[in-house]
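Summary of structural features
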There are 2 protein chains.
Amino acid sequence: MQLGRESSAVGTARQRIRISYRLKCGPGQDPHEVARDIAFEQTVELPEPCVPAPIRDSIVGRVEGVTRSNSQTWMATISYPALAVGRDLGQLVNLLFGNISLKSGVQVTDLELPGRYLSHLPGPHFGIAGLRQLCGVEDGAPLSCAALKPLGLAAAELAQLCYQFALGGIDVVKDDHGLADQESAPFRERVAHCQQAVERANRETGGSSRYFPNVPSSWSTFNADLAYARSVGVVGVLVNPLIIGLDAVRHTAEQGEFALLGHPALSGAFFQADHGIAPDLLLGRVFRLIGCDGVIYPNVGGRFVLTENECAAINGRLREPLGSIKPVFPVPAGGIDVTRVPFWLDRYGPDTIFLVGGSLYSQGDLVAASRNLMKALGR
Amino acid sequence: MQLGRESSAVGTARQRIRISYRLKCGPGQDPHEVARDIAFEQTVELPEPCVPAPIRDSIVGRVEGVTRSNSQTWMATISYPALAVGRDLGQLVNLLFGNISLKSGVQVTDLELPGRYLSHLPGPHFGIAGLRQLCGVEDGAPLSCAALKPLGLAAAELAQLCYQFALGGIDVVKDDHGLADQESAPFRERVAHCQQAVERANRETGGSSRYFPNVPSSWSTFNADLAYARSVGVVGVLVNPLIIGLDAVRHTAEQGEFALLGHPALSGAFFQADHGIAPDLLLGRVFRLIGCDGVIYPNVGGRFVLTENECAAINGRLREPLGSIKPVFPVPAGGIDVTRVPFWLDRYGPDTIFLVGGSLYSQGDLVAASRNLMKALGR
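Along every chain, residues carry numbers that run from 1 in the direction the sequence is written. Naming scheme: in the order in which they are written, chains are lettered from A and ligands are numbered from 1. Confidence filtering applies because this is a predicted model: local features only for residues at pLDDT of at least 70, side-chain atom pairs given and counted only at 80 or more, and all residues used for totals across whole chains, interfaces and linings.

Turning to the overall build of chain A, a few remarks are in order. Regarding its fold elements, chain A presents 15 helices and 13 strands. Against the 2.2 N^0.38 benchmark of 21 Å for 379 residues, chain A shows a C-alpha radius of gyration of 23 Å, consistent with a compact globule. For the C-alpha atoms alone, the extent of chain A along its principal axes is close to 75 × 45 × 35 Å. Counts of 20 or more other C-beta atoms within 10 Å of a residue's own C-beta define buried residues, counts of 12 or fewer define exposed ones, and intermediate counts define partly exposed ones; C-beta atoms are placed from the backbone. Relative to its full complement of 379 residues, chain A shows a buried share of 59%. Our contact criterion uses C-beta atoms placed from the backbone: two residues qualify when those atoms are within 7 Å. Look at the contacts in chain A between residues 6 or more apart in sequence, and 71% of them connect residues 24 or more apart. Note on conventions: DSSP H or I runs of at least 4 residues are helices, E runs of at least 2 residues are strands, and numbering of each starts at the N terminus. Note on method: radius of gyration uses C-alpha positions; expected globular size equals 2.2 Å times residues raised to 0.38.

Right, here's the structure in full:
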């Protein structure tokens, strides 16, 4: 094989994507070899002797550093030329964890994109400032969110809940992510009813509560469902990036018609102790890069597995400076009790949307429960 | 809250989806409680006291059985009403592992769909018989597959490889899954060149080699890319279901224009020892249900982590009777050496596509290497 000499990819690739990894190496495993193996696996998928030299030099990842973390664990950074990805978000995801997902002991901990790549990825359209404006909530005040549930209620019943939450002052009333297009409350019927309900409540209170329907993760109906939601006045939606596909969310953000709340469904698959993508990287950076204006995650102490440090790291990633990409809201959820909200507000700060579910429902009177939550938020 | 009495979901739900789980329970954890928690989490996402009785009875999963497997492990089966999902594949994925991905110690091991649900999910359009026909390979003979690589070659260079593989008799010549729409070989240019190359080889050999390009996992270009591929004569494509989204694959299969090879990128995230989706269920059943005519998986003994039993289980799932859903090809890959192909053929049988990559490239002369592979397959 005498190929590669005239390849258009040959040449200096100054724009580099940097990915960091935590490697768990057993006895006899050389962390430098493991890193080099990743650099080949995630690009050319060939053993080194089969790769033409110009491609090895221009395409294969470059191991930038390997440092010992503890007896079994090493931190490695590999840089890849941006031209190994192109403009394709799917290929970026592939580079991040595609084939190496099928290895073991590799946790991806960081992803840095060069400015040129970021320009293909404009990120969230609204961000913290835009979502505050949509909901009429000033800087310095935290936001509240409630979820319409349970699955099985009819559209009119869900709309009644929506009305009560909005009447009680909840900023964002979202569908449960399990409400898709079931017969009990078909998408369009539900969206029309709930949007009307929230508008009626806003007229009565003078408030700006917003209804965020969950858009079914269906390739063939997603765009039409969004258009329908828009047509009845919806300004924000709940999306499930790992189910509909990350690029569907990026595309929707780019259109700029909806504020997007990202749901973490399926994400836990990536949160193994020694293998996967770090929670803050996946939910904090990737979900932000694809355009979520708020990212729901399971708060520590609720029904799920994230630790306090992991939650804090997600918050940090969502709000930190990142080129031209807007900061977005952390949306801790998954079993937060209303009485604990002041505690979390104190820890997480006001640029947070507090999503409270069961703890509102268990109070019975949803209007009063919502007002209790707003009080707990100091509003 | 006095809702749920008139819900349309109330009533007998005879059509049930059955999901099985392997639960790892620590000391003090009651496996029956864990199973019941899953049944609520994956449907109503509310504590039991907050769920109106009619919805509890009609929507919440029903624990059908819990049996001890060993000191820490229990097998549980929960059935869910089909109406909890509707026709939405995304919601089925959500039911399968959405929120419980964020718990620990839960491995989903089986999914059985009722006949009515299967009728919404027609599965692969070609299957084993259809793909054999496309490639002109009779019953009883195994198929071969080679991958165009490495990333970084120009379209004309990849086409030259494609020509050589086809000349050597390879049945399916696919793009490496990392070939997306990079500048080095943009999608359309690559597809046009490679398709021409395989057609030229077929004219010379009288054979029926097929070129399967990798379709970039991009929401905004996926359909147009497929239409372009079709316009130049492509009859099959490589897709990355967990990146583009499972429903994009289902939709493409339903159109019936392309045979689909599914790539396992990202799937390893789900293959934790005690938490995730069993490899045979994800790659063997789910990928088949969404319409893949062949499913690539990393064979045991190669560069990846699956065991011999897991590989055999994937093969079994892909070929076993499943209502009206056609059986499809296992495509073992990930470091198979040509010299080992007779061994694997003997184990896996002729309804298999053997994907060999580096072992062909390392031989240098790709036409001769391809002929060696065909000989190893007894053809």
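Take the relation of the copies chain A and chain B next. When chain A is fitted onto chain B, the two copies agree to an RMSD of 0.0 Å after a turn of 180° and an axial shift of 0.0 Å. Here the symmetry operator amounts to a two-fold rotation axis. No C-alpha of chain A lies nearer the rotation axis than that of Gly 245 of chain A, which sits 2.2 Å from it. Both copies contact each other with a shared surface, as 100% of the interface residues of chain A are interface residues in chain B too. Superposing copies: least-squares fit, C-alpha atoms only, residues required to have pLDDT of at least 70 in both.

Residues and elements named next belong to chain B. Contact pair helix H11 (residues 279-289) / helix H12 (residues 308-319): the axes reach a minimum separation of 8 Å and the direction vectors enclose 20°. Between H11 and H12, the interaxial angle falls into the category roughly parallel. Note on packing geometry: the crossing formed by H11 with H12 is right-handed. The residues of H12 that touch H11, namely those facing Pro 279, Asp 280, Leu 283, Gly 284, Arg 285 and Arg 288, are Glu 310, Ala 313, Ile 314, Arg 317 and Leu 318. A fitted line through C-alpha atoms serves as each axis, taken over the contacting stretch for helices, and the angle formed by two N-to-C directions is quoted from 0 to 180°. Working definition: roughly parallel below 35 degrees, roughly antiparallel above 145 degrees, roughly perpendicular at 65 to 115 degrees, and oblique for all remaining angles. Take the far helix as your reference; a near helix turned counterclockwise from it by less than a right angle gives a left-handed crossing, and one turned clockwise gives a right-handed crossing.

Here we come to the packing of helix H3 (residues 89-97) of chain B against helix H10 (residues 246-255) of chain B. All names here are of chain B. Where H3 contacts H10, the axes come no closer than 9 Å and their chain directions differ by 140°. In terms of their interaxial angle, H3 and H10 are classed as oblique. For the pair H3 and H10, the crossing hand works out as right-handed. Along its contact with H3, which presents Leu 89, Gly 90 and Val 93, the element H10 presents Leu 246, Asp 247 and Arg 250. Classifying every residue of the contact of H3 with H10 by side-chain character gives 3 nonpolar, 1 polar and 2 charged. Gly is put with the polar residues, along with every residue not named as nonpolar or charged; the nonpolar set is Ala, Val, Leu, Ile, Met, Phe, Trp, Tyr, Cys and Pro, and the charged set is Asp, Glu, Lys and Arg.

As a further point, take the interface of chain A and chain B. Listed as interface residues are 81 residues of chain A and, on the opposing side, 81 residues of chain B. Of all the elements in the fold, those that place two or more residues in the side of chain A that touches chain B are helix H2 (53-58), helix H3 (89-97), helix H6 (155-167), helix H9 (241-244), helix H10 (246-255) and helix H14 (358-361) of chain A. Looking at the side of chain A that touches chain B element by element, the count peaks at 6 residues for H3 of chain A. When its residues are assigned to classes, the side of chain A that touches chain B shows 37 nonpolar, 33 polar and 11 charged.

Moving on: the domain arrangement of chain A. Residue and element names in this part refer to chain A. What fixes the domain bounds is an automatic or database domain assignment. Domain boundaries in chain A define domain 1 (16-118) and domain 2 (127-376). With 15 residues of domain 1 at the contact, the number on the domain 2 side is 14 residues. Of all elements in the fold, only H3, strand S4 (106-112) and helix H4 (115-118) reach the threshold of two or more residues within the side of domain 1 that touches domain 2. Its residues placed into classes, the side of domain 1 that touches domain 2 shows 7 nonpolar, 6 polar and 2 charged.

All names here are of chain B. Going residue by residue along strand S9 (residues 259-262), you find Ala 259 and Leu 261 tucked away on one face and Leu 260 and Gly 262 tucked away on the opposite face as well. Sheet topology places strand S8 (residues 236-239) next to S9; 4 bridges connect them, and they run parallel. Within S9, the position partnered with Val 237 by the bridge is Leu 260. Here S9 pairs with strand S11 (residues 294-298) via 2 bridges, running parallel. Looking across to S11, one finds that Leu 261 is bridged to Gly 294. The criterion for strand pairing is that DSSP finds at least two bridges linking the strands in question.

Our focus in this paragraph is the nonpolar core. Counting residues in hydrophobic clusters, the biggest one holds 264 residues, and the most contacted among them are Cys 162 of chain A together with Cys 162 of chain B. Aside from chain neighbours lying at most four places away, what touches Cys 162 of chain B is Leu 148, Val 173, Cys 194, Ala 197, Val 198 and Tyr 211 of chain B. As used here, a nonpolar core is made of buried Ala, Val, Leu, Ile, Met, Phe, Trp, Tyr and Cys residues. They are joined through C-beta atoms within 7 Å.

All names here are of chain A. Here the bond from Lys 149 into Pro 150 is cis, since omega is 0°, no more than 30 degrees from zero. Structurally, Pro 150 can be placed in the loop between strand S5 (143-148) and H6. Residue Leu 266 is not a glycine yet carries a positive backbone phi of 75°.

All names here are of chain A. Each helix should span, by expectation, one fewer than its residue count multiplied by 1.5 Å. With 13 residues, H6 extends 18 Å between its outermost C-alpha atoms, agreeing within 8% with the 18 Å of an ideal straight helix rising 1.5 Å per residue. Among the 13 residues in H6, 12 count as buried, and that is most of the element. Residues of H6 that are buried: Ala 155, Glu 157, Leu 158, Ala 159, Gln 160, Leu 161, Cys 162, Tyr 163, Gln 164, Phe 165, Ala 166 and Leu 167. Those residues of H6 that are buried lie in contact with S5, strand S6 (172-175), helix H7 (187-205), strand S7 (210-212) and helix H15 (366-376). Residue Gly 169 follows H6 closely and has a positive phi angle near 100°.

Turning next to the sheet that holds strand S13 (residues 353-356) of chain A. Residue and element names in this part refer to chain A. Spatially, the 4 strands line up as an open sheet ordered S7-S6-S5-S13, and their pairing is parallel. Here the strands that pair on one side only, and so sit at the sheet edges, are S7 and S13. Each neighbouring strand pair of the sheet contributes to a mean axis angle of 25°, computed without reference to strand direction. As defined by bridge partners, S5 adjoins S13 across 4 bridges and the pair is classed as parallel. Directly across from Ser 144, in S13, lies its bridge partner Phe 354. With respect to the sheet, H7 is in contact with S5, S6 and S7, its orientation differing from that of S7 by roughly 165°.

Turning our eyes to something else, we now look at the sheet that holds strand S1 (residues 16-24) of chain B. All names here are of chain B. Here we have 5 strands laid out as an open sheet, ordered S2-S3-S1-S4-S10, and mixed in their pairing. At either margin of the open sheet sits one strand with a lone partner, and together these are strand S2 (62-68) and strand S10 (276-277). Where helix H1 (residues 31-41) meets the sheet, it contacts S1, S2, strand S3 (73-81) and strand S4 (106-112), and its direction lies at approximately 150° from that of S2. Set on the sheet, H11 makes contact with S4 and S10; between it and S4 the angle comes to about 30°.

Looking now at the pairing of S4 of chain A. Residue and element names in this part refer to chain A. Across 6 bridges, the pairing between strand S1 (residues 16-24) and S4 is antiparallel. Following the sheet pairing, Arg 18 is matched in S4 by Glu 112. Pairing geometry for S4 and strand S10 (residues 276-277), over 2 bridges, is parallel. Counterpart to Val 108 in the pairing with S10 is Ile 277.

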